[in-house]
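Read off the chains here:
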Amino acid sequence: MTLLENQSAAIPAPREITTKPRLSDQIFRAIVTLGGMASLVILGLIALFLSLKGFHILTEEKFSFITESRWEVITGDTGNIEESNLGIGAMLVGTFLSALIAISVGVPIAVLSALYLTFYARGSAKKILISLIDLMAAFPSLLYGFWGFFVFMASAEYWAKLLNKYLGFVPFFDVPAPIFERSPFIAGLVLAIMIIPITTSISREIFDQTPLDRVQAAYALGASKLSMIRAVVIPYGRGGVIGGAMLGLGRAMGETVAVYTVLNIVYQINWQVLFGAGGNVASLILLKFGEAGPYEVDALMAAGLILFILTLLVNALADVLINRFGKKGR
Amino acid sequence: MTVQTIPQPGKPWEVTVKQRTATGSLIALAFILAAATVKFSGLSGKLGFAVSFFFLATFLIFVQQLKLRDSQAAKDAVLGSFAMLGIVLTLIPIVSIVSTVVIKGYKGIHPNLLFKDMALNSVNDPIEQGGLLHALVGTSLMVAGALVISFPIGVLTALYLTEIRGKFARPIKFLVQAMSGVPSIVAGLFILSSLVYPVTKELSGIMGSLALTILMIPTIARTAEEMLLLIPNDLREAGVALGATQWRTVSGVVVPAAKSGLVTAIILGIARIIGETAPLLLVSGGGDALNLNPTSGAMGSLPYYIWKAFLTGGTEEALARAWGGMLILLAFIFILFGLARYLGGRKVA
């Protein structure tokens, strides 16, 4: 009896039962939420500051900033700008051209190797291959650029000549002069090599998520691997693969160093992909930055803003595709 | 007493040795035929050989499967060889890149590199003179600075996505994804327009760190999120059931359990930014002398060291120097990746 009485004094008062978080939790949640908003804040700040510096260029140069292909600033004796013709038309065309070459070459290869990794490779070989491809995705673009310039260029030039020789009647593959070095075609191939690892690993992850019961149902119905992949894996993973391709496109569009080293940056709209002249918005920024006066720097900011918005749009589309259509299928 | 023979379970679907040798000899035949094609027809060179070998091998295996089994199996075999082609085409660049860097880079490595900077040397000097001390120090300082800022932000983002799962979880997930797609040059321009021009008016190491932070946050946030999702919910429920608040559960149970995962996130984040060139060219300048002060003055970095040796040199020495720098950069990436694999391979919790 006395024992119990003694203990009853030591039992703490029960906590109030409530769903309201305690003070420590409120603080914790507030801090974590604030930290979580960081990405929103940073993206917003990027848009804000690039617009602050670059927007007046867009209003002064108007629509020609996107359509024109000149980059001239004529300064007077006192250093003030008398005339300016700034436009990134050629560079925008070049950005899309090299990125399109990159995904049209890279994505089929990436999808095939993702199929190999998911449905053909076994055991430790599979693990090693997956690690290698992840490692390749972490290689810096500087490495791809210089490898492309010093090693890959020679082979790619030969392929370009072959294409020109046998498919020269297609306007795309025609050249005004036989200069095949440093062309958008070669830059596109280097970008393709850069995006293959990312697209492969995203496609592989999507293929891996294919419900096993559907795969086995297909096999049980007597499907061969090909018909199983056509009936189950492709419908299920199509959206995800397209999303992965879009991510690759975004990366290829924003690539700076690799394009700068491989491509011969020339200020003209060039549709002939095998001809050694082209450009890309990101590499233009790097090229012009060193010699740019204040007005030109602002114009480069505007170019950066356009690039930022473009990649954001591509990424948004990729995200929608991966999430909305990634999990569907028969 | 008759001895009953117990039938052994067979694996009729397994590829037999006979089939294997048949396929192997077909591939060998394709090899010989491809060599003959290159010799006697218009196709030439390595490319011609590779193309004719691939199509011949595919065709021969197609015919073999058609004879042995049926048209379904034959089409299947064609898909198999195309998938093989895909993985080979993916692997050729990685093999070529690594072997090029090793073969060309070892000439640019010299023990002196670690103790000297390039303040008094041009890139065209012999390898024994000058070094990349300044670049290593600069890269480590900038990466460390970027890590100090982006690790808390990345982990908080991951915690928001996995622990709080508030109503903004979906948009934030998207924003992190979008942030990982921000071109590196735009990150550089952003720091330039927001801090360098209006505030410091000087290129410095800390500006480089800030630009790298933008590129590092998404990698850390996404890896940390994946790692936190691996923590079984039982642990969280056990913590809460013992009367812990959410803060105590997260700080005392979830985060310690995910410790090796968070280290992996740091390592992958470093691997992501260690070779970034474009933003550093814009905001941290290119220093050739050792600079220990990240708040002022241009700061060298490993990518800049490589960049400068490639672009301003032109002699054998400059190229060897650049490839040597590339070899060191690649070695760092290999080590970081190996560490991440090792930590990631261990069981969490």
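For the structure, check the block above.
Within each chain, residue numbers correspond to sequence positions counted from 1 in written order. A letter from A marks each chain and a number from 1 marks each ligand, given out in the order of writing. Local features in this predicted model are restricted to residues of pLDDT 70 or higher, and side-chain atom pairs are both shown and tallied only at a pLDDT of 80 or more, whereas totals for entire chains, interfaces and linings draw on every residue. Each side-chain value is derived from all of the structure's non-hydrogen atoms; neither hydrogens nor water enter the calculation.

A.B. asks: Explain the overall build of chain A here, please?
C.D. replies: Here a strand is any run of E in DSSP of at least two residues, a helix any run of H or I of at least four, and the numbering for each starts at the N terminus. If you tally the helices and strands in chain A, you get 13 helices and two strands. In this setup the radius of gyration rests on C-alpha atoms only. A globule is expected at 2.2 Å times the number of residues raised to 0.38. Against the compact-globule benchmark of 20 Å for 330 residues, chain A has a radius of gyration of 27 Å, which places it well outside the compact range. Across its three principal axes, chain A shows a C-alpha extent of roughly 105 × 70 × 35 Å. Expressed as a percentage of the 330 residues in chain A, the buried residues total 53%. Only heavy atoms matter for contacts: two residues are in contact if any of them lie within 4.5 Å across the pair. In chain A, 75% of the contacts between residues at least 6 apart in sequence involve partners at least 24 apart. A total accessible area of about 15300 Å² is found for chain A, and carbon and sulfur atoms account for 65% of it. Within this scheme the basic residues Lys and Arg register as positive and the acidic residues Asp and Glu register as negative, but His and the chain ends are omitted. To locate a charge, take NZ of a lysine, CZ of an arginine, CG of an aspartate or CD of a glutamate. With 24 positive and 22 negative side-chain charges, chain A shows a spacing of 17 Å between the two charge centroids. Using a 1.4 Å probe on the protein chains alone, a residue whose accessible area is under 20% of its type maximum counts as buried, one over 50% counts as exposed, and one in between counts as partly exposed. Per-residue and other accessible areas follow the Shrake-Rupley method at a 1.4 Å probe size, with only the shown protein chains counted as cover for residues.

A.B. asks: What is the right way to read the overall build of chain B from this model?
C.D. replies: Counting secondary structure elements, chain B contains 13 helices and zero strands. Taking 20 Å as the expected radius of gyration for a compact globule of 349 residues, we find that chain B reaches 28 Å, considerably beyond that expectation. By principal-axis analysis of the C-alpha atoms, chain B measures approximately 90 × 70 × 40 Å. Each charge class in chain B can be summarised by its mean position, and for the 26 positive and 16 negative side chains these summaries are 8 Å apart.

A.B. asks: Would you take a moment to explain the packing of aromatic side chains for this structure?
C.D. replies: For any two aromatic rings, the description comes down to two numbers: the centre-to-centre distance and the angle of the planes. Two rings belonging to Phe, Tyr or Trp (six-membered ring only in the last case) form a pair when the distance between their centres is within 6.5 Å. Interplanar angles under 30 degrees mark stacking, angles over 60 mark edge-to-face geometry, and anything in between is tilted. Counted according to the given criterion, the structure contains 18 aromatic pairs over all chains. Seen from their ring centres, phenylalanine 146 of chain A and tryptophan 307 of chain B are 6.3 Å apart, and the 65° between their planes marks the pair as edge-to-face. One end of the pair, phenylalanine 146 of chain A, is in helix H7 (residues 141-167); the other, tryptophan 307 of chain B, is in helix H12 (residues 302-312), on a second chain. Across the pair, tryptophan 307 of chain B and phenylalanine 146 of chain A agree in class, each one buried. Of the aromatic side chains, those joined through ring pairs into one cluster are Phe146, Phe149, Phe150 and Tyr260 of chain A together with Trp307, Phe310 and Trp323 of chain B. Its end group placed over the ring of tyrosine 120 of chain A, lysine 225 of chain A keeps NZ or CZ at 4.5 Å from the ring centre. By the criterion adopted, a ring carries a charge over it if an Arg CZ or a Lys NZ lies within 6 Å of its centre and within 35 degrees of its normal.

A.B. asks: Any chance you could explain the nonpolar core here in plain terms?
C.D. replies: Across soluble globular proteins, nonpolar side chains have a tendency to be buried as a group. As used in this record, nonpolar core signifies buried Ala, Val, Leu, Ile, Met, Phe, Trp, Tyr and Cys residues forming a set joined through side-chain atoms within 4.5 Å. Counting 196 residues, the largest nonpolar core has Ile46, Phe65, Ile88 and Phe139 of chain A together with Ile185, Trp307 and Met326 of chain B as its most contacted members. Domain delimitation follows an automatic or database domain assignment. Each of domain 1 (18-99) and domain 2 (114-345) of chain B accounts for three or more of the residues forming this core. If sequence neighbours within four positions are ignored, tryptophan 307 of chain B has contacts with Leu142, Phe146, Val257, Tyr260, Thr261 and Leu286 of chain A together with Thr277 and Leu281 of chain B. One finds Ala30, Ala57, Leu60 and Ile61 of chain B within the second-largest nonpolar core, a separate group that totals six residues.

A.B. asks: What is the right way to look at unusual backbone geometry in this model?
C.D. replies: Leaving glycine out, the prevailing phi sign among residues is negative, and the prevailing peptide bond configuration is trans. Even without being a glycine, arginine 182 of chain A presents a positive backbone phi close to 50°. Under the relative-accessibility criterion, arginine 182 of chain A is labelled partly exposed at 26%. With phi around 55°, lysine 201 of chain B is a residue other than glycine that occupies positive phi space. By the secondary structure assignment, lysine 201 of chain B is in the loop between helix H6 (184-200) and helix H7 (205-230).

A.B. asks: What is the right way to look at the interface of chain B and chain A in this model?
C.D. replies: Note: interface size is frequently given as the accessible area lost on complex formation between the parts. With 77 residues of chain B at the contact, the number on the chain A side is 78 residues. The salt bridge criterion pairs a side-chain nitrogen of Lys or Arg with a carboxyl oxygen of Asp or Glu, the two atoms within 4 Å. Inspection of the region where chain B meets chain A yields two salt bridges. Put simply, arginine 341 of chain B and aspartate 134 of chain A hold a salt bridge, and the shortest N to O gap is 3.1 Å. In protein, a polar contact requires one atom able to donate a hydrogen and another able to accept it; more generally it is a pair of N or O atoms within 3.5 Å, and residues adjacent in sequence count only if both atoms are side-chain atoms. At the junction of chain B with chain A, the criterion picks out eleven residue pairs in polar contact (both at pLDDT 80 or more). Of the residues forming the side of chain B that touches chain A, the biggest block, 21 residues, is contributed by helix H3 (residues 71-105) of chain B.

A.B. asks: Is there a simple way to think about the packing of helix H5 (residues 89-119) of chain A against helix H8 (residues 184-208) of chain A in this case?
C.D. replies: How two helices sit against one another is set out by the angle between their axes and by the gap between those axes. All names here are of chain A. An axis is simply a line fitted to the C-alpha atoms; with a helix, the fit covers only the stretch in contact. Between two such axes, the angle follows the N-to-C directions and lies from 0 to 180 degrees. The interhelical angle for the contact between H5 and H8, taken along N-to-C directions, is 35°, at an axis separation of 6 Å. For H5 against H8, the interelement crossing comes out right-handed. In the scheme used here, Gly and all other residues not listed as nonpolar or charged are polar, with Ala, Val, Leu, Ile, Met, Phe, Trp, Tyr, Cys and Pro taken as nonpolar and Asp, Glu, Lys and Arg as charged. Taken together, the residues that form the contact of H5 with H8 break down as 20 nonpolar, eight polar and two charged. Left-handed describes a crossing whose near helix is turned anticlockwise from the far helix through less than a right angle; right-handed describes the clockwise counterpart.

A.B. asks: Would you take a moment to explain the packing of helix H4 (residues 133-164) of chain B against helix H10 (residues 259-273) of chain B for this structure?
C.D. replies: Residue and element names in this part refer to chain B. Where H4 meets H10, the closest approach of the two axes is 11 Å, and the angle between their N-to-C directions is 130°. With respect to H10, the element H4 is oriented oblique. Note on packing geometry: the crossing formed by H4 with H10 is right-handed. In this structure, H4 uses Val143, Ala146, Leu147, Phe151 and Val155 to contact H10, whose residues at the interface are Leu262, Ile266, Ile270 and Ile273. Counted by class, the contact of H4 with H10 contains nine nonpolar, no polar and no charged residues. We call two directions roughly parallel when the angle between them is under 35 degrees, roughly antiparallel when it is over 145, roughly perpendicular when it lies between 65 and 115, and oblique otherwise.

By themselves, these are just geometric observations and shouldn't be taken as functional.
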